[in-house]
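One-letter residues, chain by chain:
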Amino acid sequence: MECVFGLVGNDFAVVAADTSAVHSILVHKSNEDKIMILDSHKLIAASGESGDRVQFTEYIQKNVALYQFRNGIPLTTAAAANFTRGELATALRKNPYFVNILLAGYDKETGPSLYYIDYIATLHKVDKGAFGYGSYFSLAMMDRHYHSGMTVEEAIELVDKCIVEIRSRLVVAPPNFVIKIVDKEGAREYAWRESVKDAAVASA
């Protein structure tokens, strides 16, 4: 029951994701970070099969770093999104990745942006987006409350409304969420919203 969503505000983009690692009826852990810091000013939030999600996002992260190492300049957010879409499209005809992505970034020239990329390599630049069962509720809340030029405080308040709605409406709702933000200062973790903590493993 994964939930990944994000939005673009005034000079920043914010992305939130649940932190549950689930297979079948089992919850393996509740502190799995599904939002990777791609580089200094980009975030990639992913949902989908756990193996595909981890492998593909790490593959994109390393290739983005390789491009910057070879050329001395980082990819723009649009270029990183198009590269990601291209790799998904190539894999689609060979060994497809079942992974859906929200890619957020900040560029000096164009400001913040958010890209929606699904598992069949559809790419759209959006102001707000979501994946997973939680998208039914988060998209509804963002349609109702989102407006352009939101401040960080307004955006986080909206993210919290989405989280509350998911927790109260979704029958198997994930308990914990991580929120990350990217702006001119860089990409960073903003906060966690936890209602369950993983129990400490007893030493043998």
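Further up the page is the structure itself.
About the thresholds
- Residues numbered from 1 in each chain as written.
- Predicted model: local features only at pLDDT ≥ 70, side-chain atom pairs only at ≥ 80, totals over all residues.
- Heavy atoms only, no water.
- Helix = DSSP H or I, 4+ residues; strand = E, 2+ residues; numbered from the N terminus.
- Rg over C-alpha atoms; globule rule 2.2 N^0.38 Å.
- Buried < 20%, exposed > 50% of the residue type's maximum accessible area, 1.4 Å probe, protein only.
- Contact = heavy atoms within 4.5 Å.
- Areas by Shrake-Rupley, 256 points an atom, 1.4 Å probe, with all protein chains shown as cover.
- Lys, Arg positive; Asp, Glu negative; His and termini not counted.
- Charge placed at Lys NZ, Arg CZ, Asp CG, Glu CD.
- Pairing = 2+ DSSP bridges.
- Axes fitted to C-alpha atoms, helices over the stretch in contact; angles between N-to-C directions.
- Parallel < 35°, antiparallel > 145°, perpendicular 65-115°, else oblique.
- Left-handed = near helix turned anticlockwise from the far one by under 90°.
- Disulfide = S-S within 2.5 Å.

A few words now on the overall build of the protein chain. When you go through the protein chain residue by residue, the secondary structure sums to four helices and 12 strands. Taking 204 residues into account, the globule formula puts the C-alpha radius of gyration at 17 Å, and the protein chain, at 17 Å, falls close to it. Oriented by its inertia axes, the alpha-carbon framework of the protein chain measures out at about 45 × 40 × 35 Å. The buried share among the 204 residues of the protein chain stands at 47%. Expressed as a percentage of contacts within the protein chain between residues at least 6 apart in sequence, the contacts between residues at least 24 apart total 58%. Surface summary for the protein chain: the accessible area is close to 10,600 Å², and the carbon and sulfur share equals 52%. Mean positive and mean negative side-chain charge positions of the protein chain (21 and 25 charges, respectively) differ by 2 Å.

Further remarks concern the pairing of strand E6 (residues 42-48). Regular strands place side chains that alternate from one sheet face to the opposite one. In terms of residue burial, E6 counts as a mostly covered element, since seven of its seven residues are buried. Here E6 shows two buried faces, one formed by Lys 42, Ile 44, Ala 46 and Gly 48 and the other by Leu 43, Ala 45 and Ser 47. As paired elements, strand E5 (residues 35-39) and E6 share four bridges and run antiparallel to each other. Paired with Ile 35 across the bridge in E6 is Ala 45. Taken together, E5 and the strand that follows it, E6, pair antiparallel across an intervening segment of two residues. Pairing analysis gives seven bridges linking E6 to strand E7 (residues 99-107), with the strands arranged antiparallel. When the bridges of E7 are listed, Ser 47 appears paired with Asn 100.

The next subject is the pairing of strand E2 (residues 12-18). With seven of its seven residues buried, E2 lies for the most part within the structure. Neither face of E2 is left uncovered, since the one carrying Phe 12, Val 14, Ala 16 and Asp 18 and the one carrying Ala 13, Val 15 and Ala 17 both have all their residues buried. Bridge count for strand E1 (residues 3-8) against E2 is five bridges, and the pairing is antiparallel. Bridge pairing in E2 places Gly 6 opposite Val 15. With antiparallel pairing between neighbouring strands as the criterion, E1 and E2 make up a hairpin whose turn holds three residues, including Asp 11 at a positive phi of roughly 70 degrees. Where E2 lies against strand E11 (residues 177-183), seven bridges are found, and the strand directions are antiparallel. Note on E11: the bridge partner recorded for Val 14 is Ile 181.

This next bit is on the packing of helix H1 (residues 50-71) against helix H2 (residues 77-92). Contact geometry for H1 and H2: axes closest at 11 Å, N-to-C directions at 130 degrees. By the angle between their directions, the pair H1 and H2 is classed as oblique. When the axes of H1 and H2 are compared, the crossing they make is right-handed. Of H2, the residues touching H1 (which contributes Phe 56, Tyr 59, Ile 60 and Asn 63) are Phe 83, Thr 84, Glu 87 and Leu 88.

In the structure shown here, the tally under the stated rule is zero disulfides. Not part of a disulfide, Cys 3 finds its nearest cysteine sulfur in Cys 162, a span of 10 Å.

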